[in-house]
Amino acid sequence: SSHFAQTFSTRVRLAASSPRLYPRAPTATAPPLTMAGKSQELIQQLLQAEKEAEALIATAKKNRLAKLKQAKDKAEEDLKAFREEQEQKFQKEMGTKAAADPSAELKGATEEEIRLVKKDYETNKKRTVEYVVSKVLDVTTDLTDTQKQALKFGRV
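The sections below set out a description of the structure shown in this document. Here the structure is a predicted model, which is why all the values come from computation and not from measurement.

## Notes on the pattern of salt bridges
Going through the model one piece at a time under the given rule, you end up with 4 salt bridges. Across the salt bridge formed by K69 and D73, the nearest N and O atoms sit 3.3 Å from each other. Taken as a pair, K69 and D73 lie in helix α2 (residues 32-99) at a separation of 4 residues, close to a single helical turn. For K69, a relative accessible area of 52% corresponds to the exposed category. A salt bridge links K125 to E122, with the nearest nitrogen and oxygen atoms 3.9 Å apart. One end of the pair, K125, and the other, E122, are both in helix α3 (residues 102-137), 3 residues apart, so they sit about a helical turn from each other.

Structure (structure tokens):
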């Protein structure tokens, strides 16, 4: 406490002797009680501003959470609609496939293959017979030198 008093009295003396280093505070025109009242008023304004800021932040958080929930709900609705659409497509395709008779489809494909084979047969029958007959009739009657020698020596 005595140290504080010494420091304070030193500063007061310096302020009085050197106005450049320690400029004097403007003297208040109002009595000290009015200044204390203004300080209280300013503190109250600060507290009120702080409460308003907290309320603003709380409102912003609530709004943000509401928007997030709304976005989530919208996404879930879209997903549900998409799933339903895909399920309907799947059921439609499965219904079509289930209704189709696989043996009838196979029978149709088999009949088509048989028809194509018969067509190929009819188209190529004449040429094939002619080719086989020509090869059967195209026999050489000459004997090779080796065959002639074998006959001479009786090896055949």
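## Re α3
Think of an α-helix as 3.6 residues a turn; residues three or four steps apart then line up on the same face. Spanning 36 residues, α3 covers 51 Å between terminal C-alpha atoms, matching the ideal 52 Å at 1.5 Å per step. Its maximal kink placed at N124, α3 deviates by approximately 50°.

Cut-offs and rules
- Residues numbered from 1 in each chain as written.
- Predicted model: local features only at pLDDT ≥ 70, side-chain atom pairs only at ≥ 80, totals over all residues.
- Heavy atoms only, no water.
- Salt bridge = Lys/Arg side-chain N within 4 Å of Asp/Glu carboxyl O.
- Helix = DSSP H or I, 4+ residues; strand = E, 2+ residues; numbered from the N terminus.
- Buried < 20%, exposed > 50% of the residue type's maximum accessible area, 1.4 Å probe, protein only.
- Expected span 1.5 Å × (residues − 1).
- Bend = angle between axes of the 7 residues up to and from the residue.

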